[in-house]
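Geometric and topological summary
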Amino acid sequence: PKRYAYKGVRERRQRAVPEDMRRLALHWRIHNRIPGHHNPHAAECGAAYDALLEQGPHGIGFEEKRRLYQEARDKARAFELRSCNVMLATSCSCRRNWVSKMLQQHGVELRQVIIDEAGTTTEPEVLC
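Residues numbered from 1 in each chain as written. Predicted model: local features only at pLDDT ≥ 70, side-chain atom pairs only at ≥ 80, totals over all residues. Heavy atoms only, no water.

**Points about the packing of aromatic side chains**
Summed over all chains, the structure comprises one aromatic pair. Relative to tyrosine 69, the ring of tyrosine 49 lies with its centre 5.3 Å away and its plane at 45°, an arrangement referred to as tilted. With tyrosine 49 in helix H2 (residues 42-55) and tyrosine 69 in helix H3 (residues 62-83), the pair connects residues that are 20 residues apart, well separated along the chain. Over the face of the ring belonging to tryptophan 98 we find arginine 77, whose NZ or CZ atom lies 3.9 Å from the ring centre. (Phe/Tyr/Trp six-rings, centres within 6.5 Å; stacked < 30°, edge-to-face > 60°. Helix = DSSP H or I, 4+ residues; strand = E, 2+ residues; numbered from the N terminus. Lys NZ or Arg CZ within 6 Å of the ring centre and 35° of its normal.)

**Here we look at the pattern of salt bridges**
Applying the stated criterion across every chain, the model contains seven salt bridges. Ionic pairing is found between aspartate 50 and arginine 33, a salt bridge with its closest N-O pair at 2.7 Å. Taken together, the residues aspartate 50 in helix H2 and arginine 33 in the loop between helix H1 (26-30) and H2 connect sequence positions 17 residues apart. For arginine 33, a relative accessible area of 33% translates into the label partly exposed. A salt bridge links glutamate 44 to lysine 75, with the shortest nitrogen-to-oxygen separation between them at 3.2 Å. Taken together, the positions of glutamate 44 in helix H2 and lysine 75 in helix H3 put the pair 31 residues apart, joining distant regions of the chain. Each of Glu64, Arg67 and Glu71 takes part in a single network of salt bridges with overlapping partners. (Salt bridge = Lys/Arg side-chain N within 4 Å of Asp/Glu carboxyl O. Buried < 20%, exposed > 50% of the residue type's maximum accessible area, 1.4 Å probe, protein only.)

**Quick word on a nonpolar patch on the surface**
Taken together, Met87, Leu110, Val113 and Ile115 make up a surface patch of nonpolar side chains, about 330 Å² in accessible area. Tracing the backbone shows valine 113 in the loop between helix H5 (97-105) and helix H6 (123-127). Judged by relative accessible area, which is 53%, valine 113 ranks as exposed. (Patch = residues over 30% accessible without salt bridge, like charges linked within 9 Å, V, L, I, M, F, W, Y side chains within 5 Å. Areas by Shrake-Rupley, 256 points an atom, 1.4 Å probe, with all protein chains shown as cover.)

**Examining H3**
Since the α-helix packs 3.6 residues into each turn, any two residues three or four apart lie on the same face. Given a rise of 1.5 Å per residue, 22 residues ought to cover 32 Å, and the 31 Å separating the end C-alpha atoms of H3 matches this to within 8%. Among all positions of H3, only Phe62, Tyr69, Ala72, Arg73, Ala76, Arg77, Ala78, Phe79, Glu80 and Leu81 are buried. In this fold, the buried residues of H3 make contact with H1, H2 and H5. (Expected span 1.5 Å × (residues − 1). Contact = heavy atoms within 4.5 Å.)

**Observations regarding the nonpolar core**
Ranked by size, the top nonpolar core spans nine residues in total: Ile30, Cys45, Ala48, Tyr49, Leu52, Phe62, Tyr69, Ala72 and Ala76. Looking at this core, the elements with two or more residues in it are H2 and H3. Every residue in contact with alanine 72, bar those within four places of it in the chain, is listed here: Glu44, Cys45 and Ala48. Residues Ala78, Leu81, Val99 and Leu103 belong to the second largest nonpolar core, which totals five residues. (Core = buried A, V, L, I, M, F, W, Y, C linked by side-chain atoms within 4.5 Å.)

**Quick word on H2**
The terminal C-alpha atoms of H2 lie 20 Å apart, and with 14 residues this matches the ideal 20 Å at 1.5 Å per residue to within 8%. Its buried side turned inward, H2 meets H1 and H3.

**Focus on the packing of H2 against H3**
Where H2 meets H3, the closest approach of the two axes is 8 Å, and the angle between their N-to-C directions is 155°. Relative to H3, the element H2 lies roughly antiparallel. The chirality of how H2 crosses H3 is left-handed. Taking contact as the criterion, the partners of Glu44, Cys45, Ala48, Tyr49, Ala51, Leu52 and Gln55 in H2 are, on H3, Phe62, Lys65, Arg66, Leu68, Tyr69, Ala72, Arg73, Lys75 and Ala76. (Axes fitted to C-alpha atoms, helices over the stretch in contact; angles between N-to-C directions. Parallel < 35°, antiparallel > 145°, perpendicular 65-115°, else oblique. Left-handed = near helix turned anticlockwise from the far one by under 90°.)

Printed below as a string of structure tokens:
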């Protein structure tokens, strides 16, 4: 959750991820929601996420809970990136700051990249 200080902002509608796709989704993997999946940081991330949701964006301890969650989330994401053989992502999600940052920080080398939705981006964007 994010803290909004102005009126008129609504939470976006949440869509349910199909049950059979959850084991492939990063969010579910790093939040310890996949039975039998091993990520040593997932339990910490899931607990921090639950605590953040329980706190709510207007609670007194929101910023601290958010910081703890972000630290746990980054560790769990880094583990997933280092241990994956195949990474599927949309062009939009690959442009997010954390993907390139983590790939560089943790020395993840991509040997092959397949671009889906390549027609929606320019060539320099694809190469970044």
